[in-house]
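Architecture at a glance
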Protein chains: 2
Amino acid sequence: MTEDAGSYCPAPKVGNSDQITLTHGEGGRAMRHFLRRTILPVVGNEILAEMGDAAILPPLDGQPVFTTDSFIVSPLFFPGGDIGSLAIYGTANDLAVAGAKPLWISLALILEEGFSLSLLERILDRVAQAAHRAGVQIVTGDTKVAPRGTVDGLFITTSGVGVRSYLMPGPRSLSPGDELLVSGPLGRHGIAVLAARERLNFDPPLRSDCEPLFDAIEALRQAGIEVKAIRDATRGGVAAVLHEWAEACGKTMVVEGDKIPITEDVRGACELLGLDALHMACEGTMVVAVPSGSSDEALCALRRVPVSVGAVRMGLVSEQRLSPVVVRRVVGQLVPLDEPAGSPLPRIC
Amino acid sequence: MTEDAGSYCPAPKVGNSDQITLTHGEGGRAMRHFLRRTILPVVGNEILAEMGDAAILPPLDGQPVFTTDSFIVSPLFFPGGDIGSLAIYGTANDLAVAGAKPLWISLALILEEGFSLSLLERILDRVAQAAHRAGVQIVTGDTKVAPRGTVDGLFITTSGVGVRSYLMPGPRSLSPGDELLVSGPLGRHGIAVLAARERLNFDPPLRSDCEPLFDAIEALRQAGIEVKAIRDATRGGVAAVLHEWAEACGKTMVVEGDKIPITEDVRGACELLGLDALHMACEGTMVVAVPSGSSDEALCALRRVPVSVGAVRMGLVSEQRLSPVVVRRVVGQLVPLDEPAGSPLPRIC
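Residues numbered from 1 in each chain as written. Chains lettered and ligands numbered in written order. Predicted model: local features only at pLDDT ≥ 70, side-chain atom pairs only at ≥ 80, totals over all residues. Heavy atoms only, no water.

1. A look at the interface of chain A and chain B
Where we set the bar: Residues are treated as being in contact if the distance between any of their heavy atoms lies within 4.5 Å. In this description, buried area is defined as the sum, over both parts, of the accessible area (probe of 1.4 Å) that is lost when the two are combined. A side-chain nitrogen of Lys or Arg and a carboxyl oxygen of Asp or Glu constitute a salt bridge if their distance falls within 4 Å. Any N or O atom pair separated by 3.5 Å or less is treated as a polar contact, with the protein-specific requirement of one donor-capable and one acceptor-capable atom, and with residues adjacent in sequence counted only for side-chain atom pairs. Numbering of helices and strands runs from the N terminus; a helix is a DSSP stretch of H or I covering at least four residues, while a strand is a stretch of E covering at least two. Each residue is assigned to one class: nonpolar for Ala, Val, Leu, Ile, Met, Phe, Trp, Tyr, Cys and Pro, charged for Asp, Glu, Lys and Arg, and polar for all the others, Gly among them. Strands were regarded as paired on the criterion that DSSP finds at least two bridges between them.
Counting residues at the interface gives 96 residues for chain A, matched by 97 residues for chain B. Surface buried jointly by chain A and chain B totals about 7900 Å² across both partners, of which 54% is contributed by carbon and sulfur atoms. The tally of links from chain A across to chain B stands at 16 salt bridges. With a shortest N-O distance of 2.5 Å, B:R36 and A:E247 are connected by a salt bridge. Linking chain A with chain B are 35 residue pairs in polar contact (both at pLDDT 80 or more). Residue contributions to the side of chain A that touches chain B peak at eight residues, all from strand β6 (residues 137–146) of chain A. Counted by class, the side of chain A that touches chain B contains 45 nonpolar, 28 polar and 23 charged residues. By the bridge criterion, two bridges tie strand β2 (residues 64–71) of chain A to strand β1 (residues 55–56) of chain B in an arrangement that is antiparallel. The residue of β1(B) that forms the bridge with A:V65 is B:I56.

2. Describing empty space enclosed by the protein
Note the threshold: Cavities and pockets are defined on a 1 Å grid built over the protein atoms alone: a cavity is a set of grid points where a 1.4 Å probe fits but cannot escape, while a pocket is an open set with protein on both sides within 12 Å along at least five of seven lines, and lining residues are those with an atom within 4 Å of any such point. Grid points are joined across faces, edges and corners, and a volume is the space filled by probe spheres set on the points.
Within this structure, the stated rule accounts for five cavities of 30 Å³ or more. Roughly 710 Å³ of volume is contained in the largest cavity. Every residue lining the largest cavity is counted, 42 residues in all, and those nearest its centre are A:R231, B:M31, B:L35, B:G52 and B:G141. Those elements that provide at least two residues to the lining of the largest cavity are β2, α3 (83–97), β9 (229–232) and α7 (237–249) of chain A together with α1 (29–43), α2 (46–49), β5 (100–112) and β6 (137–146) of chain B. For the lining of the largest cavity, the leading source of residues is β6(B), giving seven residues. Of the residues in the lining of the largest cavity, the class split is 19 nonpolar, 11 polar and 12 charged.

3. Details of the confidence of the model for chain A
Residue and element names in this part refer to chain A. Quick reminder of the rule: On a scale of 0 to 100, pLDDT captures the predictor's confidence in every residue.
For chain A, per-residue confidence averages 92 on the pLDDT scale, and 94% of positions sit at 70 or higher. Confidence drops under pLDDT 50 across residues 1–14; counting only partners more than four residues distant or on other chains, this segment forms 35 contacts. For this predicted complex, the interface confidence score (ipTM) comes to 0.93, while the overall pTM stands at 0.94.

4. Digging into the sheet that holds strand β14 (residues 334–336) of chain A
All names here are of chain A. Threshold: Every angle, taken between N-to-C directions, lies between 0 and 180 degrees, and every axis is a line fitted to C-alpha atoms, over only the stretch in contact when it is a helix.
The seven strands lie next to each other as β9-β11-β8-β12-β10-β13-β14, forming an open sheet whose pairing is mixed. Bordering the open sheet on either side are β9 and β14, each of which pairs with just one other strand. Here the average twist between neighbouring strands, direction ignored, is 25 degrees. Both strand β10 (residues 252–256) and strand β13 (residues 325–328) contribute to a ladder of four bridges, which runs parallel. Residue pairing across strands places E256 opposite R328, the latter belonging to β13. In this fold helix α9 (residues 295–302) packs onto β8 (179–182), β11 (286–290) and β12 (312–318), with an angle of close to 15 degrees to the strand it touches most, β8.

5. Digging into the sheet that holds strand β2 (residues 64–71) of chain B
Sheet strands pair via backbone hydrogen bonds, and the direction of the pair is either parallel or antiparallel. Ordered by their spatial adjacency, five strands build an open sheet running β1(A)-β2(B)-β7(B)-β5(B)-β6(B), and the pairing between neighbours is mixed. Each of the sheet's edge strands pairs with one partner strand only, and the pair in question is β1 (55–56) of chain A together with β6 of chain B. Sheet topology places β5(B) next to β6(B); nine bridges connect them, and they run parallel. The residue of β6(B) that forms the bridge with B:L111 is B:V145. Across the sheet, α1(B) touches β5 and β6 of chain B, and the angle it forms with β6(B) is around 140 degrees.

As structure tokens, this is what we get:
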């Protein structure tokens with residue numbers, strides 16, 4: 001065949017047109033068409049449209065902050081969220097709780113051969129909406145397709161880059177008397193995913209708290225609050241955050257049992273399923289530590305923002321006791337709060 | 001149980017001690033122990049040791065460059081490389097070919113329940129060695145464990161941040177007469193992985209070219225070469241790079257068939273398997289476009305660096321012809337080079 005017999009790229013045949021095939025991930029024509037037709041129109045912007053090996057970004061005025069998270073949640077959609085918005089908010093929140101303004105996100109998809117293209121499009125719509133809401137741009141990405149049976153549907157890994165805007169000394173600086181706030185009711189994400197996966201019918205359905213936290217943290221910064229540490233209570237829930245902080249500072253975290261914010265529906269589900277909301281994952285709820293005496297002002301700032309309108313003071317840091325985290329139960333006794341060894345709930349995020 | 005009955009974290013029981021269990025990915029004590037004992041000692045540094053939600057980095061003097069890639073290669077080890085070094089070099093190279101000095105890498109692991117802990121440790125050793133060689137630091141990460149059967153062994157997603165050091169106008173700027181160089185023999189990665197997966201016994205075994213490219217690009221920069229575009233020839237091989245460039249600039253890429261560098265063993269394997277080395281993936285080989293007349297100087301700079309000692313001039317950019325990429329075969333005819341529609345080789349990286 002000589003050159004004259006050649007022809008410019010016809011649209012490639014990729015089997016059933018609603019299915020992802022291996023060719024979508026192999027770097028050739030099918031992949032370029034897929035990126036141009038399916039991904040760019042939904043999540044694209046000027047930087048992503050360059051489709052280079054890497055995104056060249058504007059200079060940063062300050063310290064860069066960098067994070068990554070993989071999302072393997074099952075099912076892909078659940079009341080209040082989906083893997084796409086989770087992947088954006090999860091990474092944006094990791095930047096925000098480190099005191100950074102989230103700016104740029106990378107999106108790496110691992111798809112199973114045969115995955116529904118229209119389902120992927122729905123998920124990419126959610127990604128785009130979430131990015132818009134969180135104020136971030138998707139600037140670079142990758143798509144791999146794994147043969148049938150080697151990955152369950154879709155996994156997403158997002159990384160994020162932001163710029164440091166709020167200096168916090170971190171959990172090592174915690175000292176007795178510091179006050180512990182929580183930005184809203186606990187355990188909503190974990191319970192929502194569990195209920196969706198196990199097809200437990202709660203009426204109304206329990207909704208995940210999957211939301212961006214930056215505005216709440218920005219409200220604290222603008223109010224001039226000296227925050228010591230912030231952490232979003234994802235895997236392992238509030239219990240895991242408090243255990244990590246106790247280890248970091250060598251003090252004990254005391255939680256007032258009657259102050260723990262839990263919605264009636266989550267409380268009911270936890271009782272039914274024998275779970276403790278303190279161990280359940282949140283995806284838009286954070287723990288904040290502030291110096292003694294500044295909790296009222298901090299709560300006032302938090303409550304002005306929708307995502308943290310339910311913020312409350314939940315406890316304080318005390319001198320080291322025998323247990324790193326204790327809960328004051330209604331009878332007044334301090335009961336140790338176990339650190340989750342693992343979790344009853346795989347694939348929660 | 002009152003506080004006195006509590007006790008500080010004993011090492012958690014996680015089943016067969018050489019197996020990854022779901023608890024390793026659930027954000028609790030088992031995960032923290034796993035990170036402290038298995039991950040930090042191998043790939044750690046001051047920034048990663050903070051174990052925050054995100055890495056706070058020193059300010060960047062210049063434009064940040066950001067990239068991501070997932071790695072689902074099978075098998076996990078192959079002659080000349082493994083998933084760990086591939087994940088580091090792949091991402092570092094994506095930064096380097098965009099004109100950036102690679103600085104920081106994020107490492108997100110998705111592990112299958114039951115995966116061998118000692119195998120993971122071997123892979124993390126390779127990650128650490130590769131990071132050292134590529135001059136990057138692993139500053140943040142994530143570990144998820146998916147239930148048995150929902151992921152095949154181990155997938156790794158790395159993202160990278162670097163600082164722009166070398167300005168290139170990119171493939172849209174290519175014009176007739178520009179010369180096309182390639183930094184070494186083609187197809188070594190694709191053939192090595194294929195041979196390892198299909199247990200084809202070549203003697204000696206075909207080795208992947210999995211290597212960092214930054215030094216080669218830095219040699220061009222230091223020699224003052226005005227480079228127009230660089231791309232590493234990964235999925236889809238050199239053919240995919242040339243097709244993307246042809247589309248970007250609207251010109252035709254002409255490859256001199258007798259100049260294509262291929263090792264004897266790759267040539268033999270390609271003939272045996274009916275594959276074209278121009279379509280096979282490389283992981284440490286790049287295509288470089290330089291203005292007419294500067295190829296000798298560029299080759300001289302490249303050949304001073306071990307990774308690109310085999311650099312050659314492979315072709316040039318011509319006015320647009322009927323086919324976007326053509327190869328001058330030995331008889332002198334220009335034969336169109338197909339863009340790979342997909343690839344015969346899933347899970348090559």
